[in-house]
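# Geometric and topological summary
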Amino acid sequence: MGTNRRSFLKLSGLAGFGLITGCTAQEKETSGTKLDHIRLEASKKYNSIFNMSGYAAPKIETVRVGFIGVGNRGSAAVERMSQIAGVSINGICDIRPEKAHEAKERIKTSGHVATIYAKTGEDWKRMCESDQFDLIYIATHWSMHADMAIYAMEQGKHVALEIPAAITVEDCWRLVRTSEATKKHCVMLENCCYDYFELLTLNLARQGFFGDIIHCEGAYIHDIMDSLFDEKKRYDFWRLKENAARNGNLYPTHGLGPICQILRINRGNKMDYMNSMSSKDFMLNSKAKEMAQVNKQFESYVDKPFRGNINVSNIMNSDGSTMMLQHDVSSPRPYSRIHLVSGTKAFAQKYPLPGKIAIGHDDFLGATEMAELEKKYAPGIITKIGELAKAIGGHGGMDFMMDWRLIDCLRNGLPVDMDVYDAASWSVIGPLSEWSVANGSQPIEIPDFTNGLWKDNLVHDINLTKGGTTQVLKSTK
């Protein structure tokens with residue numbers, strides 16, 4: 001068993017008690033703003049326990065993995081992980097036994113015990129408490145991410161969890177403080193940081209190709225409205241419930257993660273403050289009324305405070321650069337993540353596809369020049385695993401590259417690419433945007449989850465100067 005839960009809570013104050021500094025009596029009073037609990041949580045200060053940025057946990061020769069939540073993403077992750085050498089899939093947990101068994105059938109190689117944990121809704125705790133696991137991989141609905149990750153770390157397990165890592169400011173801090181106190185990695189599974197163009201532009205930025213970075217943009221524009229009302233695709237309509245109760249950028253990290261890495265956020269730079277604006281809801285309530293006409297279970301959603309269809313959030317960084325994010329999952333628009341980098345020497349943009357680069361204002365580089373640029377500046381992780389990742393798949397290969405890199409870091413005792421500070425700072429944009437939208441787009445300070453350590457933290461390794469030893473297995477099924 002890991003750290004004793006009672007003593008650990010008493011020590012670290014994970015529930016929001018103790019160890020909080022700088023919260024004055026005046027701040028505890030109601031300020032009169034809407035959603036004021038978000039502002040109050042964002043204003044709290046904590047002392048650092050241990051710096052997880054750059055921390056190399058002891059090597060694990062065979063990483064014993066347990067999966068919690070094996071719907072669409074979780075089951076695909078089971079299949080991918082089974083094709084990475086040095087992985088033992090020891091358990092699969094889901095509240096729906098049939099989903100757990102279906103995920104087990106997706107394992108592509110031999111030698112995996114894959115015990116099913118699906119007797120009760122609390123079986124995930126039993127998995128976390130077992131000494132048969134080193135890494136817990138969480139792909140449940142959003143509201144459970146933080147509690148599951150915290151419990152797993154308390155039990156001595158590293159954690160990989162789907163996006164966003166948390167949906168409240170308080171839970172972002174709880175994740176940080178638990179990871180620091182237990183010295184267990186908490187890695188958010190932001191697969192877009194491993195997309196090929198995003199990695200190319202990251203390496204270009206590090207080589208000074210863009211000059212000083214002035215501005216970056218990211219987005220998640222994806223029309224998934226019909227799936228919000230389809231229980232087969234969204235168990236218990238969990239994502240519909242989120243969209244019917246919260247108004248802001250509910251899903252910021254696909255666009256934000258890659259540009260945060262380019263701007264060295266938490267590693268030489270930080271986000272200072274943000275504001276956010278949402279349109280009104282033009283579509284979701286109308287859809288709820290339409291669905292209620294044919295299915296009474298949707299009557300309870302009619303006239304809910306649905307989020308606005310489009311949200312735009314702006315972020316000011318410590319180095320003077322800016323970021324702009326968009327979120328829209330209900331308008332009939334082509335898919336876009338808007339990966340944009342604007343510097344003093346060059347410019348890059350992806351979406352519409354393909355990604356393009358310009359040097360100067362005249363035009364983008366041609367196909368031949370782009371190919372030469374890609375060949376010269378492709379980071380080591382792409383040259384090492386890129387083609388194999390494409391063959392195995394997962395959003396064009398970036399999912400597999402993400403999983404492979406995590407396992408390679410754990411097996412070689414290397415710092416992880418995305419640590420708990422990234423998980424917290426990228427996820428916290430969600431609740432902060434809610435507060436800003438509710439208060440006339442007023443700015444709100446973004447917590448510094450590193451407690452000032454960002455000034456000296458180093459960027460992560462994308463060239464595999466160490467590690468890169470983990471093999472990819474051929475399917476035996």
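Fair warning: this is a prediction, and the values are worked out from it, not measured in the lab.

So, about the overall build of the protein. Helix and strand counts for the protein stand at 18 helices and 16 strands. For the protein, the C-alpha radius of gyration of 22 Å lies close to 23 Å, the compact-globule estimate for 477 residues. A buried classification covers 58% of the 477 residues belonging to the protein. Nonlocal contacts in the protein, meaning residues at least 24 apart in sequence, comprise 76% of its contacts between residues at least 6 apart. On the protein, roughly 19,800 Å² of surface is accessible, and the fraction owed to carbon and sulfur atoms is 51%.

Here we take up the environment of G355. With respect to the secondary-structure elements, G355 resides in the loop between β14 (347–350) and β15 (356–358). For the pair G355 and F229, spaced 126 residues apart in sequence, the C-alpha to C-alpha distance is 33 Å.

Right, let's get into helix α18 (residues 429–438). With nine of its ten residues buried, α18 lies for the most part within the structure. Along α18, the residues that are buried comprise I429, G430, P431, L432, S433, E434, W435, S436 and V437. Downstream of α18 by one or two residues, G440 has phi in the positive range, about 65°.

Counting 139 residues, the largest nonpolar core has L175, L256 and I357 as its most contacted members. Considering every element that reaches this core, the biggest residue donor is helix α16 (residues 398–412), with nine residues. When residues no more than four places from it in sequence are discounted, the contact partners of I357 are F197, L200, L204, F209, F347, A348, F364, L365, M370 and L373.

In this section: the sheet that holds strand β8 (residues 186–188). Reading across the sheet, the six strands line up as β5-β4-β3-β6-β7-β8 and stay open at both edges, with parallel pairing between neighbours. Across the chains shown, the open sheet's two edge strands, defined by having one partner strand only, are β5 (115–117) and β8. Sheet twist, expressed as the mean angle between neighbouring strand axes with direction ignored, is 20°. With six bridges joining them, strand β3 (residues 63–68) and strand β4 (residues 87–93) adopt parallel strand pairing. Its bridge partner lying in β4, G66 is registered against G91.

This part takes up the confidence of the model for the protein. Summary statistics for the protein give a mean pLDDT of 93 and a share of 94% for residues scoring 70 or more. When the criterion is pLDDT under 50, residues 1–30 qualifies, and its contacts beyond four places in sequence or with other chains add up to 48 contacts.

Another aspect to go through is the side chain of N439. Relative to the helices and strands, N439 is located in the loop between α18 and β16 (444–445). At a separation of 2.9 Å, a polar atom in the side chain of N439 contacts the main-chain amide nitrogen of K34. With near-sequence residues (within four places) excluded, N439 lies in contact with T33 and K34.

Here we take up the packing of aromatic side chains. A complete count under the given rule lists 17 aromatic pairs for this structure. Taking the centre distance of 4.7 Å and the plane angle of 55° together, the rings of W173 and F449 count as tilted. Highlighted residues: W173 in helix α8 (residues 169–182) and F449 in the segment after β16, separated in sequence by 276 residues. Each member of the pair, W173 as well as F449, is classed as buried. Here the aromatic rings of F237 and F298 are separated by 5.2 Å at their centres, their planes lie at 70°, and the arrangement is edge-to-face. Taken together, the residues span a long stretch of sequence, with F237 in the loop between α10 (225–228) and α11 (238–243) and F298 in the loop between α13 (284–292) and β11 (311–317) at a distance of 61 residues. A relative accessible area of 6% means that F237 is categorised as buried. Through pairs of rings, three or more aromatic residues link up here, namely W142, Y220, W238, Y251, Y335 and Y351. The ring centre of F50 lies 4.3 Å from the NZ or CZ of K183, which sits over that ring.

Turning our eyes to something else, we now look at the packing of helix α3 (residues 36–43) against α18. Running from N to C, α3 and α18 cross one another at 130°; their axes reach a closest spacing of 9 Å. Classed by the angle they form, the pair α3 and α18 counts as oblique. The crossing of α3 and α18 is left-handed. Judged by residue contacts, D36, I38, R39 and A42 of α3 engage P431, L432, E434 and W435 from α18.

Since the α-helix packs 3.6 residues into each turn, any two residues three or four apart lie on the same face. Along its 13 residues, helix α15 (residues 380–392) runs 19 Å from first to last C-alpha, staying within 8% of the 18 Å computed at 1.5 Å per residue. Of all the bends in α15, the greatest measures close to 55° and is centred on G386. Three or more residues of α15 are buried, namely G380, I381, I382, I385, G386 and A389. Considering only its buried residues, α15 is in contact with α9 (196–206) and α16. Just beyond α15, the residue with positive phi is G393, at close to 100°.

Turning our eyes to something else, we now look at the sheet that holds β11. Pairing between the strands of a sheet comes from backbone hydrogen bonds, and it takes one of two forms, parallel or antiparallel. An order of β15-β14-β13-β9-β12-β11-β10-β16 is seen for the eight strands of this open sheet, with the pairing classed as mixed. Since the sheet does not close on itself, it has two edges, and those belong to β15 and β16, each with one partner. This element, helix α12 (residues 253–262), spans β9 (213–221), β10 (271–278), β11, β12 (322–328) and β13 (339–343) of the sheet and lies at about 160° to β9.

Let's shift gears to the pattern of salt bridges. In this structure the tally under the stated criterion is 31 salt bridges. Note that D195 is salt-bridged to K350, the shortest N-O span being 2.6 Å. Of this pair, D195 sits in the loop between β8 and α9 while K350 sits in strand β14, and the two are 155 residues apart along the sequence. The same class applies to D195 and to K350, which are both buried. Between E242 and R246 there is a salt bridge whose closest N-O contact spans 3.0 Å. Owing to a relative accessible area of 10%, E242 belongs among the buried residues under this scheme. For R246, a relative accessible area of 9% puts it in the buried group. Connected through shared salt-bridge partners, D195, E198, R337 and K350 make up one network.

Conventions we followed
Every residue gets a number counted from 1 within its own chain, in the order that chain's sequence is written. Owing to the predicted nature of the model, reporting of local features is limited to residues with pLDDT of at least 70; listing and counting of side-chain atom pairs is limited to 80 or more, with chain, interface and lining totals taken over all residues. No hydrogens and no water enter the side-chain calculation; it runs on all heavy atoms of the structure. Labels follow the DSSP assignment, with helices taken as runs of H or I lasting at least four residues and strands as runs of E lasting at least two, numbered in each case from the N terminus. The reference for a compact globule is 2.2 Å times residues^0.38; the radius of gyration itself is calculated from the C-alpha atoms. The classification of residues rests on relative accessible area computed with a 1.4 Å probe and restricted to protein chains. Under 20% of the type maximum is buried, over 50% is exposed, and intermediate values are partly exposed. Contact criterion: two residues are considered in contact whenever any of their non-hydrogen atoms come within 4.5 Å of each other. Note on areas: Shrake-Rupley, 1.4 Å probe, and residue coverage restricted to the protein chains presented here. Nonpolar core, defined: a set of buried Ala, Val, Leu, Ile, Met, Phe, Trp, Tyr and Cys residues in which side-chain atoms within 4.5 Å join the residues together. At least two bridges found by DSSP between two strands is the condition for calling them paired. Fitting a line to C-alpha atoms yields each axis, with helices limited to the stretch in contact; the angle taken between N-to-C directions then spans 0 to 180 degrees. Every residue carries a pLDDT, the predictor's confidence in it, which falls somewhere between 0 and 100. Whenever a nitrogen or oxygen atom comes within 3.5 Å of another N or O atom, the pair is scored as a polar contact, on the condition that within protein one atom can donate a hydrogen and the other can accept it, and that pairs from neighbouring residues in sequence are kept only if both atoms are in side chains. Stacked, tilted and edge-to-face are the three classes assigned to paired rings of Phe, Tyr and Trp, where Trp is represented by its six-membered ring and a pair needs centres within 6.5 Å; plane angles under 30 degrees give stacked, over 60 edge-to-face, the rest tilted. By definition here, charges over rings are those cases where NZ of Lys or CZ of Arg is within 6 Å of the ring centre and within 35 degrees of the ring normal. Between 65 and 115 degrees an angle is taken as roughly perpendicular, under 35 as roughly parallel, over 145 as roughly antiparallel, and anywhere else as oblique. Crossing handedness is read from the near helix: turned anticlockwise from the far helix by less than a right angle, it gives a left-handed crossing, and turned clockwise, a right-handed one. Helix span, expected: 1.5 Å multiplied by one less than the number of residues in the helix. Throughout, the bend at a residue refers to the angle made by two axes, fitted to the seven residues ending there and to the seven starting there. Put simply, a salt bridge is a Lys or Arg side-chain nitrogen that is within 4 Å of an Asp or Glu carboxyl oxygen.

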